[in-house]
Amino acid sequence: SMRRIKGKETEIQDVFELIQRNQPETERFLPVWQEECSSLPKTENFLKNQMNFKDSMLSVRYGIYEAEKLVGLLECCTRGDVAHLNILVDKDSGARGYASEALRLAEREIFKHGINEIQLECSAYNYLSPRVVVANGYKLAELYDEYDSMHYYHKVIGDYLAGNRAAHSLLKPKEKIKVVQRYVR
């Protein structure tokens, strides 16, 4: 399951331990998270620095849980009508579908709030992330950026709706018309 992390004391401790437990991966693939969560006070700041979709969301973080154990973290940041995702799954819980399930749940929530595109970045050195991203319908946007060694993937709402007929019911009638006009051209 996935639920929003609001910065409760137990959540702060769980996120701090997750980030630290997954070194050197977090240091290599999510260096900002590594720095922002290098101590409990910094982790608290990291988690409390969030806004809602309604508030022109800057950043929202969700915990990925197996029962009550935190096994991953998903961050969603928006700029305009584009959402950027970062995902971390505990190395001891990998290859169990947590990242795929988190992506599916995040997509439903993101597209329901009027965001038109989701983007993900994968380090060229992380061989697992691109496989998960492509398996979930994301397309390569840019092959490689030599400066930061990243591959860029994206999914637009039209692709999401084409692959998920049930998603049409999530959109209000006015939004359905807007989507058809935007992607049928």
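Residues numbered from 1 in each chain as written. Predicted model: local features only at pLDDT ≥ 70, side-chain atom pairs only at ≥ 80, totals over all residues. Heavy atoms only, no water.

Caption draft 1: Spotlight on the overall build of the protein chain. Helix and strand counts for the protein chain come out as 8 helices and 7 strands. Taking the intrachain contacts of the protein chain between residues at least 6 apart in sequence as the baseline, contacts between residues at least 24 apart amount to 54%. About 10700 Å² of surface is accessible on the protein chain, with carbon and sulfur atoms providing 51% of the total. (Helix = DSSP H or I, 4+ residues; strand = E, 2+ residues; numbered from the N terminus. Contact = heavy atoms within 4.5 Å. Areas by Shrake-Rupley, 256 points an atom, 1.4 Å probe, with all protein chains shown as cover.)

Caption draft 2: Representation of helix H4 (residues 40-48). Within the span of H4, buried status applies to Thr43, Phe46 and Leu47. The buried residues of H4 all sit within an arc of 90 degrees when viewed along its axis, so they share a single face. In H4, the exposed residues that point more than 90 degrees away from the buried face are Pro41 and Asn45. Where the residues of H4 are buried, they touch helix H1 (9-21), helix H3 (31-36), strand E2 (59-66) and strand E3 (69-79). Between a side-chain oxygen at the N-terminus of H4 and the backbone nitrogen of lysine 42 the separation is 3.3 Å; the capping residue is serine 39. (Buried < 20%, exposed > 50% of the residue type's maximum accessible area, 1.4 Å probe, protein only. Arc of directions from axis to C-beta. Polar contact = N/O pair within 3.5 Å; in protein donor to acceptor, adjacent residues only side chain to side chain.)

Caption draft 3: Structural context of the packing of aromatic side chains. Enumeration according to the criterion identifies 1 aromatic pair in this entry. The ring of tyrosine 65 has arginine 3 sitting right over it, with the charged end atom 3.7 Å from the ring centre. Positioned above the aromatic ring of phenylalanine 46, the side-chain terminus of arginine 61 is 3.9 Å from the ring centre. (Phe/Tyr/Trp six-rings, centres within 6.5 Å; stacked < 30°, edge-to-face > 60°. Lys NZ or Arg CZ within 6 Å of the ring centre and 35° of its normal.)

Caption draft 4: Just the pattern of salt bridges, in detail. In the structure shown here, the tally under the stated rule is 9 salt bridges. The salt bridge involving lysine 91 is made with glutamate 25; its shortest N-O contact spans 3.8 Å. Within this pair, whereas lysine 91 is found in the loop between strand E4 (82-89) and helix H5 (98-112), its partner glutamate 25 is found in helix H2 (residues 25-29), the two being separated by 66 residues in sequence. Residue classification places glutamate 25 among the partly exposed residues on the basis of a relative accessible area of 30%. Glutamate 109 is paired through a salt bridge with lysine 112; the nearest N and O atoms lie 3.5 Å apart. With glutamate 109 and lysine 112 both in helix H5 and 3 residues apart, this pair spans about one turn of that helix. (Salt bridge = Lys/Arg side-chain N within 4 Å of Asp/Glu carboxyl O.)

Caption draft 5: Seen up close, the state of the cysteines. Tallied over the full model, the rule gives 0 disulfides. Counting only cysteine sulfurs, cysteine 76 is the nearest neighbor of cysteine 77, a cysteine outside any disulfide, at a range of 6.7 Å. (Disulfide = S-S within 2.5 Å.)

Caption draft 6: Fine view of the nonpolar core. Residues Leu74, Leu85, Ile110, Ile118 and Tyr138 are the most contacted members of the largest nonpolar core, which totals 24 residues. Going through the elements one at a time, E2, E3, E4, H5, strand E5 (117-123) and helix H7 (157-162) are the ones with two or more residues in this core. Per element, the largest residue contribution to this core is 6 residues, and it comes from H5. (Core = buried A, V, L, I, M, F, W, Y, C linked by side-chain atoms within 4.5 Å.)

Taken by themselves, the reported measurements are silent on function.
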